[in-house]
Number of protein chains: 2
Amino acid sequence: MLTFYNELHSQHRGRHEFFRGELVPCFEKPERVDQVLAELGRRGLGQIVTPHSVPPMTLERVHTPRYLSFLRNAWSDWVALDPANANKDAFPAVWPVRTLRADIEPDNFCAKLGLYSMDSGTPITSGTWTAAKTGADCAVNAAHALRLGERATFALTRPPGHHAGADFYGGYCFLNNAALAAQHMLDDGARKIAILDIDYHHGNGTQSIFYDRSDVLFVSIHADPRSEYPFYLGHADETGHGAGLGYNVNLPLPHGASTQAWFAALETACLRLQMFQPEALIVSLGVDTFAGDPLSHFGLQSADYLRIGERLSYLGLPTAFIFEGGYAVKELGVNVVNVLEGFDTAL
Amino acid sequence: MLTFYNELHSQHRGRHEFFRGELVPCFEKPERVDQVLAELGRRGLGQIVTPHSVPPMTLERVHTPRYLSFLRNAWSDWVALDPANANKDAFPAVWPVRTLRADIEPDNFCAKLGLYSMDSGTPITSGTWTAAKTGADCAVNAAHALRLGERATFALTRPPGHHAGADFYGGYCFLNNAALAAQHMLDDGARKIAILDIDYHHGNGTQSIFYDRSDVLFVSIHADPRSEYPFYLGHADETGHGAGLGYNVNLPLPHGASTQAWFAALETACLRLQMFQPEALIVSLGVDTFAGDPLSHFGLQSADYLRIGERLSYLGLPTAFIFEGGYAVKELGVNVVNVLEGFDTAL
Ligand SMILES: [Zn+2]
Ligand SMILES: [Zn+2]
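Residues numbered from 1 in each chain as written. Chains lettered and ligands numbered in written order. Predicted model: local features only at pLDDT ≥ 70, side-chain atom pairs only at ≥ 80, totals over all residues. Heavy atoms only, no water.

Section: the coordination of the zinc ion (ligand 1)
Metal coordination angles have textbook ideals: 109.5 degrees for a tetrahedral set of four donors and 90 or 180 degrees for an octahedral set of six.
Residue and element names in this part refer to chain A.
Part 1 of the reasoning: Within the protein, the zinc ion (ligand 1) binds to Asp199 (OD), His201 (ND1) and Asp288 (OD); these donor distances fall in the range 2.0 to 2.1 Å.
Part 2 of the reasoning: All donor residues of the zinc ion (ligand 1) come from one chain, and their arrangement in sequence is D-x1-H-x86-D. On the criterion of sequence distance, the pair formed by aspartate 199 in the loop between strand E6 (193-197) and helix H7 (204-210) and aspartate 288 in the loop between strand E9 (280-285) and helix H9 (302-313) is long-range, its members being 89 residues apart. Aspartate 288 matches aspartate 199 in its accessibility class, with the two residues each being buried. (Donors = N, O, S within 2.8 Å, 3.2 Å for Na, K, Ca; no water. Helix = DSSP H or I, 4+ residues; strand = E, 2+ residues; numbered from the N terminus. Buried < 20%, exposed > 50% of the residue type's maximum accessible area, 1.4 Å probe, protein only.)

Here is the structure:
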């Protein structure tokens, strides 16, 4: 398994996030990737390389230029407001709901923060852009390697990506790595790409980016959004729109769903993926489905992740794994690498 | 000037609000109304009465039943989450931007907070519903008194209302008092009502509630939303939609606009109001246009408020004044009562 590693991921190191009304230490922290990297090394799962930088145009295939410009300049704009801000992460406090406009970008920086975000759990820090951009490089490189003949690749990066939309951040995500990977393969000549999102949380960003298109099938297994983040998307009745009708598959599971129910959903997902006959598969690999995850309520055990990798391998598709969520830091390395090893050894 | 006073306003007493990323003491506090009440008493401007309670149906003419139900139960739902919440105000931390759904109400209370809000500067407290409902009673009573032949009335209440939409709160506002007053008069047989909003901030809620209707003309003089709250609405190109086209007039003024420019805009507003020939006028009376206001950047002096009242009186319309913003607490009474006295004595 060829791994593209984001050496700059730790430049995104949030101090706090708002969680249920309180400022708490960030769940999404650099140690997450460190654990996975260490476990990869221990098991010797293959080469670990640093990605080439991709041009801005690659990002603009998924994200709006206006949003990218905001994100690139956000930290310096924030500190320009007040030098004391250098010691504080930036959070939004006002946002455009129904009836409010998103077409005019306000001059006020706090208003821009709200225009381009969906929560106050996602700090913008001094290194956010650098880490997110290098992470996107990882994802696009991992996808490109499939085009060059690799059977499977892994983008080991943070911050994660699947909650980020075309023009907003949230859920710890800024650039949608999975969407960028899929779009890159299409732009490189592929005609059909599938994305399977097995993070505990619905990949609302990825869904929304491809919702009206038939060249990307999006399939997601996740906790019911009625009770879990992202709350406002991920229902079973979201099946795509226009040309995309039938190319979006949500498999929400209730709070506390059994591991058996989870694997049954995986079978449904695999069936849909096979019927689509994609040229490659992108996996949004979150392991916050783990029983010990501090944010989640599913019950998967470490050994289950071997089975997941094995099952995905049987699809017989060139596959790029993109690291998403998972907050039980101690077990994170084992769980993620179990998926990869399960995939590799099933062949 | 017959004044309807909300005796329960101080039940809404926020501990803090988020302002530019920090938790700060609330600007919108009970002392605001106390100052106005004291000044009204000092000048003996007329009878001060308590309003009759209006039925839920009256509120449902402007706000969605789902939103009203949320608001009525918000505090008990918040405390039910955790008894320790009784000592904390409730703030949203996640919200449905573009591509996210508002049609399904999540079960999760924090997600409901975000579904029904536009900022984290507006605390929900134990007494918020009581204060807001009694405030709405004041506004509807003030409007009804015009129907019964009063020349001018005043709804002295807080929290304010003009930022609240049909199904969201924000900008210190929960129920849209001005919209409820206008709608009540229409339901009571009036055919055309005008609303003039002279608060420093654009009345985005009021605009959005009547945006596609021709029976309510909405005219607003306010700071340019590119740099001031509510940021995402209030531009000059918003002129109404469908049947409402031509019945929405925004007169944004740049940061630091002169008092001369403000009064020139008032003349434009008055011209539009006269052309509409409404049966009554509702004035969203904010005095955060005052030079000493801590949140604002216009330069009106206390004497200017006498001129405003006088100018509005010359329109010759039955007029209900609804108290909105204004945060220079010490001068608040004088400024507000100057408008009312200017109106009364111009005749
Ligand atoms: Zn997740
Ligand atoms: Zn105001």
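Structure shown, so let's carry the discussion forward.
Section: the interface of chain A and chain B
Part 1 of the reasoning: Tallying the contact residues gives 44 residues for chain A and 44 residues for chain B.
Part 2 of the reasoning: Contact between chain A and chain B buries roughly 4,200 Å² in total, counting both sides, with carbon and sulfur atoms accounting for 61%.
Part 3 of the reasoning: Considering only the side of chain A, the residues that lose the most area to chain B are Trp95, Arg98 and Tyr232 of chain A, jointly responsible for 22% of the buried surface there.
Part 4 of the reasoning: At the boundary of chain A with chain B, the tally comes to 6 salt bridges.
Part 5 of the reasoning: Its salt-bridge partner being arginine 101 of chain A, residue glutamate 238 of chain B comes within 2.6 Å of it at the nearest N-O pair.
Part 6 of the reasoning: Looking at the side of chain A that touches chain B, the elements with two or more residues in it are helix H4 (109-115) and H7 of chain A.
Part 7 of the reasoning: Counting residues per element, the side of chain A that touches chain B draws most heavily on H4 of chain A, at 4 residues.
Part 8 of the reasoning: In the side of chain A that touches chain B, the residues fall into 22 nonpolar, 10 polar and 12 charged. (Contact = heavy atoms within 4.5 Å. Buried area = accessible area lost by both parts, 1.4 Å probe. Salt bridge = Lys/Arg side-chain N within 4 Å of Asp/Glu carboxyl O. Nonpolar A, V, L, I, M, F, W, Y, C, P; charged D, E, K, R; others polar.)

Some words on the sheet that holds strand E4 (residues 48-49) of chain B
Residues and elements named next belong to chain B.
Part 1 of the reasoning: The parallel open sheet is built from 8 strands, whose spatial order is E4-E1-E5-E10-E9-E6-E7-E8. Edge strands, defined here as strands with exactly one partner in the open sheet, are E4 and strand E8 (248-253).
Part 2 of the reasoning: Pairing of strand E1 (residues 2-5) with E4, which is carried by 2 bridges, proceeds in the parallel orientation. Residue pairing for E4: phenylalanine 4 is matched across the bridge by valine 49.
Part 3 of the reasoning: Seen against the sheet, helix H1 (residues 31-43) touches E1, E4, strand E5 (152-156) and strand E10 (319-323) and runs at an angle of roughly 140 degrees to E5.
Part 4 of the reasoning: Each of strand E6 (193-197), strand E7 (216-223), E8 and strand E9 (280-285) is contacted by helix H8 (residues 259-276), which is oriented at about 175 degrees to E7, the strand it contacts most. (Pairing = 2+ DSSP bridges. Axes fitted to C-alpha atoms, helices over the stretch in contact; angles between N-to-C directions.)

Regarding the coordination of the zinc ion (ligand 2)
All names here are of chain B.
Part 1 of the reasoning: All of the protein donors around the zinc ion (ligand 2) are Asp199 (OD), His201 (ND1) and Asp288 (OD); their distances to the metal are 2.0 to 2.1 Å.
Part 2 of the reasoning: Taken in chain order, the donor set of the zinc ion (ligand 2) reads D-x1-H-x86-D. Here the two residues aspartate 199 and histidine 201 agree in accessibility, since each one is buried.

Some remarks on helix H3 (residues 65-81) of chain A
Part 1 of the reasoning: Here H3 of chain A contains 17 residues, and its C-alpha end-to-end distance of 23 Å stays within 8% of the 24 Å for a straight helix at 1.5 Å per residue.
Part 2 of the reasoning: For H3 of chain A, the principal kink sits at alanine 74 of chain A and spans about 55 degrees. (Expected span 1.5 Å × (residues − 1). Bend = angle between axes of the 7 residues up to and from the residue.)

Describing the packing of H8 of chain B against helix H9 (residues 302-313) of chain B
All names here are of chain B.
Part 1 of the reasoning: H9 packs onto H8 with a crossing angle of 15 degrees between their chain directions and a minimal axis gap of 11 Å. In terms of orientation, H8 lies roughly parallel with respect to H9. The interaxial crossing formed by H8 with H9 has right-handed handedness. Here Thr259, Trp262, Phe263, Leu266, Glu267 and Cys270 of H8 come into contact with H9, specifically with Asp304, Arg307, Ile308, Arg311 and Leu312.
Part 2 of the reasoning: Looking at the contact of H8 with H9, its residues break down into 6 nonpolar, 1 polar and 4 charged. (Parallel < 35°, antiparallel > 145°, perpendicular 65-115°, else oblique. Left-handed = near helix turned anticlockwise from the far one by under 90°.)

Quick word on the packing of helix H5 (residues 128-147) of chain A against helix H6 (residues 177-187) of chain A
Residue and element names in this part refer to chain A.
Part 1 of the reasoning: Remark: H5 packs on H6, axes separated minimally by 8 Å, with the N-to-C direction vectors making an angle of 35 degrees. Considering how the two elements wind past one another, H5 and H6 form a crossing that is right-handed. Contact residues: H5 offers Gly135, Ala136, Ala139, Val140, Ala143, His144, Leu146 and Arg147, while H6 offers Asn177, Leu180, Ala181, His184 and Met185.

With respect to the sheet that holds strand E4 (residues 48-49) of chain A
Residue and element names in this part refer to chain A.
Part 1 of the reasoning: With respect to topology, 8 strands assemble into an open sheet ordered E4-E1-E5-E10-E9-E6-E7-E8, the strand pairing being parallel. In this open sheet, the two edge strands, each paired with only one partner strand, are E4 and strand E8 (248-253).
Part 2 of the reasoning: Direction of pairing for strand E5 (residues 152-156) relative to strand E10 (residues 319-323): parallel, over a ladder of 4 bridges. Considered in E10, the bridge of alanine 155 is made with isoleucine 322.
Part 3 of the reasoning: Running at roughly 175 degrees to strand E7 (residues 216-223), helix H8 (residues 259-276) makes contact with E6, E7, E8 and E9 of the sheet.
Part 4 of the reasoning: Its contacts with the sheet put helix H10 (residues 329-346) on E5, E9 and E10, and the angle it makes with E10 is roughly 175 degrees.

Overview of the packing of aromatic side chains
Part 1 of the reasoning: In this structure the tally under the stated criterion is 30 aromatic pairs over all chains.
Part 2 of the reasoning: Consider the rings of phenylalanine 18 of chain A and phenylalanine 18 of chain B, whose centres lie 5.1 Å apart with planes at 90 degrees: the pair is edge-to-face. Note that phenylalanine 18 of chain A is positioned in strand E2 (residues 16-19) and phenylalanine 18 of chain B in strand E2 (residues 16-19), a pairing that runs across two chains.
Part 3 of the reasoning: A residue is classified by how much of its surface remains accessible, and phenylalanine 18 of chain A, at 13% relative accessible area, is buried.
Part 4 of the reasoning: Taking 6.4 Å as the distance between ring centres and 15 degrees as the angle between the ring planes, the aromatic pair formed by phenylalanine 70 of chain A and tyrosine 169 of chain A counts as stacked. Taken together, the positions of phenylalanine 70 of chain A in helix H3 and tyrosine 169 of chain A in the loop between E5 and H6 put the pair 99 residues apart, joining distant regions of the chain.
Part 5 of the reasoning: Pairwise contacts between aromatic rings join Tyr67, Phe70, Trp78, Phe109, Tyr116, Tyr169 and Phe174 of chain A into one cluster.
Part 6 of the reasoning: Sitting over the ring of phenylalanine 276 of chain B, lysine 192 of chain B keeps its end group 5.0 Å from the ring centre.
Part 7 of the reasoning: Here arginine 307 of chain B stacks its cationic end above the ring of phenylalanine 263 of chain B, 3.8 Å away from the centre of that ring. (Phe/Tyr/Trp six-rings, centres within 6.5 Å; stacked < 30°, edge-to-face > 60°. Lys NZ or Arg CZ within 6 Å of the ring centre and 35° of its normal.)

These results come straight from atomic positions and should not be treated as a statement about function.
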